[in-house]
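# Observations on chain architecture
Chain by chain, the residues:
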Amino acid sequence: MISQLIKKIQEKNAPVVVGLDPMLDYIPKHIMDSAYEQFEETLGAAGEAIWQYNQAIIDEIYDLIPAVKPQIAMYEQYGLPGMVVFDKTVKYCKQKGLIVIGDIKRGDIGSTSTAYANGHIGSVMLGRTELRAFYEDMVTVNPYLGSDGVKPFVDVCREKDRGMFVLVKTSNPSSGEFQDQLVDGRPLYELVAEKVNEWGSDCMDGNYSNVGAVVGATYPEMGAKLRKLMPYSYILVPGYGAQGGTSEMLRPYFNDDGLGAIVNSSRGIICAYKQEKYLEFGEQNFALASRQAVIDMIEDINSIF
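In what follows, the accompanying structure is described.

Reading the values: the criteria
Residues numbered from 1 in each chain as written. Predicted model: local features only at pLDDT ≥ 70, side-chain atom pairs only at ≥ 80, totals over all residues. Heavy atoms only, no water. Salt bridge = Lys/Arg side-chain N within 4 Å of Asp/Glu carboxyl O. Helix = DSSP H or I, 4+ residues; strand = E, 2+ residues; numbered from the N terminus. Buried < 20%, exposed > 50% of the residue type's maximum accessible area, 1.4 Å probe, protein only. Patch = residues over 30% accessible without salt bridge, like charges linked within 9 Å, V, L, I, M, F, W, Y side chains within 5 Å. Areas by Shrake-Rupley, 256 points an atom, 1.4 Å probe, with all protein chains shown as cover. Core = buried A, V, L, I, M, F, W, Y, C linked by side-chain atoms within 4.5 Å. Contact = heavy atoms within 4.5 Å.

### Section: the pattern of salt bridges
- Under the criterion given, the structure shown has 18 salt bridges.
- Of the charged contacts in the structure, one is a salt bridge between Asp33 and Lys29, with a shortest N-O distance of 2.7 Å. With Asp33 and Lys29 both in helix α2 (residues 29-39) and 4 residues apart, the pair spans about one turn of that helix.
- Using a relative accessible area of 37% as the deciding quantity, one classes Asp33 as partly exposed.
- The residue Asp180 makes a salt bridge to Lys169 at a minimum N-O spacing of 2.7 Å.

### A word on a nonpolar patch on the surface
- On the surface, Ile109, Tyr144 and Leu145 cluster together into a nonpolar patch covering about 350 Å² of accessible area.
- Residue placement: Ile109 occurs in the loop between β3 (99-106) and α6 (110-120).

### Observations concerning the side chain of Ser290
- Secondary-structure assignment places Ser290 in helix α12 (residues 286-302).
- Judged by relative accessible area, which is 0%, Ser290 ranks as buried.

### Considerations on the nonpolar core
- Ile65, Met164, Val168, Val196, Met230 and Leu250 are the most contacted members of the largest nonpolar core, which has 83 residues in total.
- Considering every element that reaches this core, the biggest residue donor is helix α3 (residues 43-61), with 9 residues.
- Every residue in contact with Met164, bar those within four places of it in the chain, is listed here: Met138, Val139, Val141, Val150, Phe153, Val154, Cys157, Asn210, Val211 and Gly212.
- In this structure, Met1, Val17, Tyr208 and Leu236 belong to the second largest nonpolar core, which totals 18 residues.

As structure tokens, then:
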């Protein structure tokens, strides 16, 4: 799977992924008003509004980017209507030729982790029929429970040619409460990185592994160290833009071949129309503002090479 992602990154010259993380206060008033008119103030209205918002943005950006990353919690909070829209969004993105990274951050004991892996990137058997529940190509995984929680995902990645990104050093301010703690004189995130490298060595897809890592853009010094510890792992880099990460901070995450990392932006893209830089587009043209924000992001990131 990682070879497919790399091919799309190279074709579009765009090492970026757009996070489809909708909140209702991101959605323009005319879309919300229409949803309320159809479904009143119900979860169904939330689902309809999110779908209209997502679809409009996807239609404007799919030709520019290799991948999207829908955050499942933004859909789960609206119950079954939200999950229907998550599924609809994933399928629509795949119809548009995009790689879909399900930002699910799952991680549990073996049997539960196996169920999560089967549900999101694998399949289930009903009698003699093999079926898929969701259709993501890759997912994010929390390694806190150790190999018991990660290996089921690795197994599915190897069997089905899917991909995963393991949380190693995240971009949130409190990440250091656990991730930076020293174990035998070394920060925990380095030990996790070594396990990612170990897990990934058994799941290669060309020059890179289907087992990648999440490392925040806001910690470039740590990123440089982690790049060396995980030479064959693709790094999914959150924290660019709205969280303070800049293009210059991204240099350590890439290898000398210009590959090795894909940079995420969520509200910086899907909420672009609210930024002063893009106010000229107006609410009605929110999706065009998102398109311009993607163009600007790609240009900014490619400027470091």
